[in-house]
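Descriptive analysis of the structure
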Amino acid sequence: MNHNRLRNRSASYEILGSGVILLKNYISLKDQVDIVNICQKHGAGPGGFYEPSHQSGAKLRLQMMCFGRNWDPVTKYKECYRSDGSKAPSLPYELISFAKTSVQNAQRRMKELPSMCPDICIVNFYSPVYGRLGLHQDRDESSDSLRRGLPVVSISIGDTAEFLYGYTRNKDKLDKVLLQSGDVLIFGGKSRHIFHGVTQVFPNTTPLPLLQQTALRPGRLNLTLRQF
Ligand SMILES: O=C(O)CCC(=O)C(=O)O
Ligand SMILES: [Fe+2]
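Before going into details, it helps to say that this report is about the structure given with it. As the structure is a prediction and not an experimental result, all values here were calculated from the model. Counting restarts for each chain: residues are numbered from 1 in the order of the written sequence. For naming, the first written chain is A and the first written ligand is 1, with later ones following in the order written. Where totals are concerned, whole chains, interfaces and linings use all residues; where local detail is concerned, this predicted model gives features only for residues with pLDDT of at least 70, and gives and counts side-chain atom pairs only at 80 or more. Note that water and hydrogens are dropped before the side-chain values are worked out from all heavy atoms of the structure.

Glancing now at the pattern of salt bridges. Between side chains of opposite charge, pairing is possible as soon as their charged atoms come close. For this analysis, a salt bridge means a side-chain nitrogen from Lys or Arg found within 4 Å of a carboxyl oxygen belonging to Asp or Glu. Counted by the stated rule, this structure contains eight salt bridges. One salt bridge connects Arg 226 with Glu 141, and the closest N-O pair in it is separated by 2.9 Å. Of this pair, Arg 226 sits in strand β11 (residues 220-226) while Glu 141 sits in the loop between β5 (133-136) and α3 (143-147), placing them 85 residues apart in sequence. No difference in accessibility class separates Arg 226 from Glu 141, as the two residues are buried. The salt bridge partner of Asp 144 is Arg 147, with a shortest N-O separation of 2.5 Å. Secondary structure follows DSSP: runs of H or I at least 4 residues long count as helices, runs of E at least 2 residues long count as strands, and numbering of each begins at the N terminus. Only protein chains enter the accessibility calculation, which uses a 1.4 Å probe. A residue is then buried if its area is under 20% of the maximum for its type, exposed if over 50%, and partly exposed in between.

The next subject is the sheet that holds strand β9 (residues 184-187). Sheet architecture is open: seven strands sit in the order β1-β2-β9-β6-β11-β4-β3, paired in antiparallel fashion. Because the sheet does not close on itself, it has two edges, and the strands there are β1 (12-17) and β3 (63-67). Each strand axis lies, on average, 15° off the axis of its neighbour in the sheet, ignoring direction. For two strands to be treated as a pair, DSSP must find at least two bridges joining them. By the bridge criterion, four bridges tie strand β2 (residues 20-24) to β9 in an arrangement that is antiparallel. What sits directly across from Val 20, in β9, is Phe 187. Across the sheet, helix α2 (residues 93-109) touches β1, β2, β3, β6 (152-158), β9 and β11, and the angle it forms with β9 is around 70°. Geometry is summarised by axes, namely lines fitted to C-alpha atoms with helices restricted to the contacting stretch, and by angles between N-to-C directions that run from 0 to 180 degrees. Between two residues, a contact is recorded if the distance between any of their heavy atoms is within 4.5 Å.

Remark on secondary structure: sheet strands pair via backbone hydrogen bonds, oriented parallel or antiparallel. If you walk across this open sheet you meet the four strands as β5-β10-β7-β8, and the pairing is antiparallel. Edge positions in the open sheet fall to β5 and β8 (175-179), since each of these has one partner strand only. When strand polarity is set aside, the average angle formed by the axes of neighbouring strands in this sheet is 25°. Pairing of strand β7 (residues 161-166) with β8, which is carried by five bridges, proceeds in the antiparallel orientation.

When at least one non-hydrogen atom of a residue lies within 4 Å of a molecule or strand, that residue is treated as near it. As a structural note, the neighbourhood of ligand 1 is formed by Asn 124, Tyr 126, Leu 133, His 136, Asp 138, Phe 163, His 196, Val 198, Arg 220, Asn 222, Thr 224 and Arg 226. Polar contacts here mean pairs of N or O atoms no more than 3.5 Å apart (in protein, one a potential hydrogen donor and the other a potential acceptor; neighbouring residues in sequence count only if both atoms are side-chain atoms). At 3.3 Å, a side-chain N or O of Asn 222 approaches an oxygen atom of ligand 1. Look at ligand 1: alone it shows 300 Å² of surface, and the protein chains cover 94% of it. Where the shell around ligand 1 is concerned, the elements lending two or more residues are β4 (120-126), β5, β10 (195-201) and β11. Here the element with the most residues in the shell around ligand 1 is β11; it accounts for four residues. Its residues assigned to classes, the shell around ligand 1 comprises four nonpolar, five polar and three charged. Only the protein chains shown count as cover for residues, and the accessible areas themselves come from Shrake-Rupley with a 1.4 Å probe. When residue character is reported, Ala, Val, Leu, Ile, Met, Phe, Trp, Tyr, Cys and Pro are called nonpolar, Asp, Glu, Lys and Arg charged, and the others, Gly included, polar.

Keep in mind these numbers describe shape, not what the thing actually does.
This is the structure we're talking about:
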């Protein structure tokens, strides 16, 4: 992957709040293909995609896998092994370098964003229409990482999602933004604890060249890289 600057000619950025920046159309097609292939390679093996459940037993409406360190909705980061005995595969260096560079590029537009070196990544796959993720905060990383506001780098690939975010749990007061294939959303600093969720995944919105060059199933792939 070669991603040293905002290289896509049609790339742009949008500041959504202090510490929240959306890099639109940031990921080249080649890098999107590479990321899909990385997820597929590891996703089919031990520690690969599965359907996590809440404490209540209800399934989340997505498939998930982790790199670097296991996270699940019940044990958070506490259990190193999943209930099937598997461990998270190590975080591929391409993803580490991609996330670090994305933050560096974002810092040119947003000085208050802290740097970070990711060591964990949660990968979600959402089916179109059915897939979603309830409103939550990402607050299971180390207290040091959270206190310093080290950013979460969120990569979107495949179908477009409606993403809800803001500083309150009150859904009526939240903002909405569409996350499309190739977008990178970064939230850190003062906004590391924003509430966020995925309300909808729109079917048949994956760019055609991505479908032609990968075996991506219909749906949306999201990777969130974090520093534990
Ligand atoms: O799919 C997304 O855009 C968000 C994922 C997310 O918030 C998470 O995995 O914590
Ligand atoms: Fe999250």
